[in-house]
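Below are the chains, spelled out letter by letter.
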Amino acid sequence: MSFTEETADIAARMIAALLASDEGALAVLHTLPAVFPWVRHLTTEETREFVRELVDATRDAVDLDVHQSLPRGPAA
């Protein structure tokens with residue numbers, strides 16, 4: 001597993017672990033606008049759905065090894 005994959009895996013697991021408790025879920029919801037400012041425009045249900053999809057997408061990125069196909073800087 002590459003460093004990028006390991007980092008994505010850790011991030012997904014950390015968010016999922018936080019979501020397992022009410023306090024952790026609240027912490028995730030309070031920090032989202034700092035990372036994704038546009039979430040302020042979502043309803044509560046849309047925000048929850050976004051968090052679920054974020055965790056799923058991060059896990060999928062690790063499972064599918066999508067980082068190998070990403071460009072590494074400007075094209076020459």
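## Some words on the environment of Ala16
Stage number 1. Relative to the helices and strands, Ala16 is located in helix H1 (residues 3-19).
Stage number 2. Judged by its relative accessible area of 24%, Ala16 falls in the partly exposed class.
Stage number 3. Spatially, the C-alpha atoms of Ala16 and Val28 are 9.8 Å apart, while their sequence positions differ by 12 residues.
Stage number 4. Among all residues touching Ala16, those that are not within four sequence positions of it are Val55 and Arg59.

## Thoughts on the side chain of Thr47
Stage number 1. Take Thr47: it is sitting in helix H3 (residues 44-64).
Stage number 2. Beyond its immediate chain neighbours, meaning those up to four positions away, Thr47 contacts Leu29, Leu32, Val39 and Leu42.

## Comments concerning a nonpolar patch on the surface
Stage number 1. A surface patch of nonpolar side chains, amounting to about 260 Å² of accessible area, comprises Ile10, Met14 and Leu18.
Stage number 2. Turning to its location among the elements, Ile10 is positioned in helix H1.
Stage number 3. For Ile10, a relative accessible area of 37% gives the class partly exposed.

## Focus on the packing of aromatic side chains
A ring pair, where both rings are aromatic, is described by two values, the distance of the centres and the angle of the planes.
Stage number 1. On inspection of all chains with the given rule, the structure shows 3 aromatic pairs.
Stage number 2. Measuring from ring centre to ring centre gives 5.0 Å for Phe36 and Phe50, while their planes differ by 80 degrees; the resulting arrangement is edge-to-face. Of this pair, Phe36 sits in the loop between helix H2 (22-35) and H3 while Phe50 sits in helix H3, placing them 14 residues apart in sequence.
Stage number 3. In this structure Phe36 comes out as partly exposed when scored by relative accessible area, which is 23%.
Stage number 4. Judged by its relative accessible area of 16%, Phe50 is buried.
Stage number 5. The structure contains a cluster of three or more aromatic residues connected by ring pairs, namely Phe36, Trp38 and Phe50.

The rules behind these values
Residues numbered from 1 in each chain as written. Predicted model: local features only at pLDDT ≥ 70, side-chain atom pairs only at ≥ 80, totals over all residues. Heavy atoms only, no water. Helix = DSSP H or I, 4+ residues; strand = E, 2+ residues; numbered from the N terminus. Buried < 20%, exposed > 50% of the residue type's maximum accessible area, 1.4 Å probe, protein only. Contact = heavy atoms within 4.5 Å. Patch = residues over 30% accessible without salt bridge, like charges linked within 9 Å, V, L, I, M, F, W, Y side chains within 5 Å. Areas by Shrake-Rupley, 256 points an atom, 1.4 Å probe, with all protein chains shown as cover. Salt bridge = Lys/Arg side-chain N within 4 Å of Asp/Glu carboxyl O. Phe/Tyr/Trp six-rings, centres within 6.5 Å; stacked < 30°, edge-to-face > 60°.

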